[in-house]
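Commentary on secondary and tertiary structure
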Amino acid sequence: MKLQRMNRRALTLGALAVSGALALTACGSDDTGSNTAGGGSSSAAAASDIKCDDAKGQLLADGSSAQKNAIDAWVKNFTQACKGVQVNYKGGGSGAGVTAFTQGQVAFAGSDSALKEDAIADSKKVCTGGQGIDLPMVGGPIAVAYNLSGVDNLVLDAATIAKIFDGKITNWNDAAIKKLNPDATLPDLKIQPYHRSDESGTTDNFTKYLIATAKSDWPYEGGKAWQAKGGQSASGSSGVAQGVKQTNGAIGYMELSYAKDGVSTVSLNTGAAAPVKASSDGATKAIADAKIVGTGNDLALKINYATKAEGAYPITLVTYEIVCDKGNKADTLPATKAFLRYIASEDGQSILSGIGYAPIPDAIISKVRTTVEGLS
């Protein structure tokens, strides 16, 4: 009995230590108006309740840089509970992640776009008897972030954003921007647009928004690779954020969790009663309007980028964890299932809004949990 009391006391102290560490992490994260402290306490609960099963060894993964901050928070909790597992998530971009997955180099990949038909065909070569499937795990608004001295509030619409990133609007005091911001003092300053240099699901989703809402001003097919000419390029969301932060007059697209420390975010004129700011709540509202278009175990979504629903922020991406539905490697399957089970859990999802992301709505994440349990 004495030993049991000591074990319970040790577990309690461990949970308190995790809670304290995560509270500090949350304070340093981008605040989107949600209860950050609440996210920290949920994380502590998750660390003590994670089901490790037979998880052990090194779990290699790569992909979306958009979810990197979320993965880092999840890994901290998971490896604290499942001490026999190391999770190494590279975050080299969605394109790199899908390639690594279809070549059998990683246990799972993160991608901000669902698998295309050719990638599904390639996945069947590494998923014995199965194929790669898309599991939506992380929602996130793609903020249009800018650095413009003296301008703290900026409203743009889809057409103006398209023209800026296509080099058709080149100065901050352009008439189109003035019309949307009659009370702002806009400087006579060159616009410096930043885009991703690497293949990116963030680029794919950002341009899907432009295609859906401003097709006449954005004459490109879209995809993970940036297609417009001109502008500055940088690797990863962190690279774009750094470029915008260092350049007065700059504008770029990035996940909300990267839009902090010296940059402001655009409010979108979507046609709703009021312009919509990038936020976790706005992203969740947009995802709730999405449709599941995947078949079988695949849970790929289609977002309504042209939504005019009040409070819905339409430049929103969903990051999928891509994994084999069948034919996972025996040595990594227990760790893969345990980690995915945790991040899809109520505790795992609850930390997202506190660090600049959006939880996946209940109707969708419940299907993800069922699918994870059936992985083999």
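Anything mentioned here points back to the structure above.
The paragraphs below set out a description of the structure included in this document. (Residues numbered from 1 in each chain as written. Predicted model: local features only at pLDDT ≥ 70, side-chain atom pairs only at ≥ 80, totals over all residues. Heavy atoms only, no water.)

We now examine helix H9 (residues 236–246). Every buried residue of H9 is accounted for by Gly236, Ser237, Val240, Ala241, Gly243 and Val244. Where H9 is buried, its residues touch strand E4 (132–147), strand E6 (192–196), helix H8 (201–213), strand E7 (232–234) and strand E8 (250–255). (Buried < 20%, exposed > 50% of the residue type's maximum accessible area, 1.4 Å probe, protein only. Helix = DSSP H or I, 4+ residues; strand = E, 2+ residues; numbered from the N terminus. Contact = heavy atoms within 4.5 Å.)

This part takes up the packing of helix H11 (residues 333–344) against helix H13 (residues 362–373). For the pair H11 and H13, interaxial distance at closest approach is 10 Å and the crossing angle is 165°. What the angle tells us is that H11 and H13 run roughly antiparallel. For the element pair H11 and H13, the recorded crossing hand is left-handed. Of the residues in H13, those touching H11 at Lys337, Leu340, Arg341 and Ala344 are Ile365, Val368, Arg369, Val372 and Glu373. Residue composition of the contact of H11 with H13, by class: 5 nonpolar, no polar and 4 charged. (Axes fitted to C-alpha atoms, helices over the stretch in contact; angles between N-to-C directions. Parallel < 35°, antiparallel > 145°, perpendicular 65-115°, else oblique. Left-handed = near helix turned anticlockwise from the far one by under 90°. Nonpolar A, V, L, I, M, F, W, Y, C, P; charged D, E, K, R; others polar.)

What follows is about the nonpolar core. Trp74, Phe165 and Phe339 are the most contacted members of the largest nonpolar core, which totals 97 residues. Counting 11 residues, the second-largest nonpolar core is a separate cluster that includes Leu115, Ile120, Cys127 and Cys324. (Core = buried A, V, L, I, M, F, W, Y, C linked by side-chain atoms within 4.5 Å.)

Counted by the stated rule, this structure contains 2 disulfides. Covalent S-S linkage joins Cys52 and Cys82, the inter-sulfur distance amounting to 2.0 Å. With the S-S bond torsion at -90°, the cross-link from Cys52 to Cys82 turns out left-handed. With a gap of 30 residues between them, Cys52 in the loop between helix H2 (36–49) and strand E1 (57–63) and Cys82 in the loop between helix H3 (68–81) and strand E2 (85–89) connect regions that are remote in the sequence. The same class applies to Cys52 as to Cys82, namely buried. Cys127 shares a disulfide with Cys324; S-S distance 2.0 Å. Given an S-S torsion of about -70°, the disulfide between Cys127 and Cys324 has left-handed geometry. Here the residue Cys127 occupies a position in the loop between helix H5 (117–123) and E4, and Cys324 occupies one in strand E14 (residues 316–324), the gap between them amounting to 197 residues. (Disulfide = S-S within 2.5 Å.)

The description of two aromatic rings rests on the distance between their centres and on the angle between their planes. All chains considered together, the criterion is met by 10 aromatic pairs. Ring centres 6.1 Å apart and planes at 70° place the aromatic pair Phe165 and Trp226 in the edge-to-face group. Of the two residues, Phe165 sits in helix H6 (residues 158–165) while Trp226 sits in the loop between H8 and E7, which places them 61 residues apart along the sequence. The pair Phe165 / Trp226 is uniform in exposure class, with both members buried. (Phe/Tyr/Trp six-rings, centres within 6.5 Å; stacked < 30°, edge-to-face > 60°.)

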